[in-house]
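# Reading the structure
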Amino acid sequence: MRRFLFTLPVLVLAIAIAGCASQNEQQAEQAEATAAKAQHAAEQAEQDANKAQVAADKATEAADRATKAVQEATVEINRVSDHIDQMIRDRDDREAAAHHRRLSHVTKAAKKAAADKAAAAAASPAAAPSPD
């Protein structure tokens, strides 16, 4: 029985060690599973980041194309605006010249009428008032 009492603590110790070893083994397996999940999540996050980078690059290219289109449209709008301004100036110049020609024609006609009237008055002595 003494021998049994001596072996009993050794047996309990062996069972305890075996239990701890099995618990440590389970914890190690759980840690490995958690690490594998974390590794998978990291790989997925890296893939998602790469996809996001590709999408951001495409968006940047689209924004650059849109900016270039706006700049080209602005240049075209300015060209058309300048052309319209030139057409307006040309029209105003033509109208001013036509007005000047009309005014000159009226002025010449008025001067001619005045000269004709003066000549008629000088040629007609009866029409002139007597100096009495």
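Data block above holds the structure.
Predicted, not measured: the structure shown is a model, and the values here were computed from it.

## Observations concerning the overall build of the protein chain
Each helix and strand counted, the protein chain has 1 helix and 0 strands in total. Scored against the burial criterion, the 132 residues of the protein chain give a buried share of 1%. Accessible surface computed for the protein chain: about 11,700 Å², of which carbon and sulfur atoms make up 63%.

## Let's talk about a nonpolar patch on the surface
Where nonpolar side chains cluster on the molecular surface, the patch consists of Val80, Ile84 and Ile88 and spans about 210 Å² of accessible area. Looking at where Ile84 falls in the secondary structure, it is placed in helix H1 (residues 2-123).

## A look at the pattern of salt bridges
Enumeration according to the criterion identifies 3 salt bridges in this entry. For Glu76, the salt bridge goes to Arg79, with nearest N and O atoms at 2.6 Å. Taken together, the residues Glu76 and Arg79, both in helix H1 and 3 residues apart, mark about one turn of the helix. Given the relative accessible area of 38%, Glu76 is considered partly exposed. What makes Arg79 partly exposed here is its relative accessible area of 47%. Glu95 is the salt-bridge partner of Arg91, the closest N and O atoms lying 3.8 Å from each other. Placement of both Arg91 and Glu95 in helix H1 is noted, with a separation of 4 residues, approximately one turn of the helix. Because the salt bridges share partners, they merge into one network encompassing Arg91, Asp92 and Glu95.

Thresholds applied
- Residues numbered from 1 in each chain as written.
- Predicted model: local features only at pLDDT ≥ 70, side-chain atom pairs only at ≥ 80, totals over all residues.
- Heavy atoms only, no water.
- Helix = DSSP H or I, 4+ residues; strand = E, 2+ residues; numbered from the N terminus.
- Buried < 20%, exposed > 50% of the residue type's maximum accessible area, 1.4 Å probe, protein only.
- Areas by Shrake-Rupley, 256 points an atom, 1.4 Å probe, with all protein chains shown as cover.
- Patch = residues over 30% accessible without salt bridge, like charges linked within 9 Å, V, L, I, M, F, W, Y side chains within 5 Å.
- Salt bridge = Lys/Arg side-chain N within 4 Å of Asp/Glu carboxyl O.

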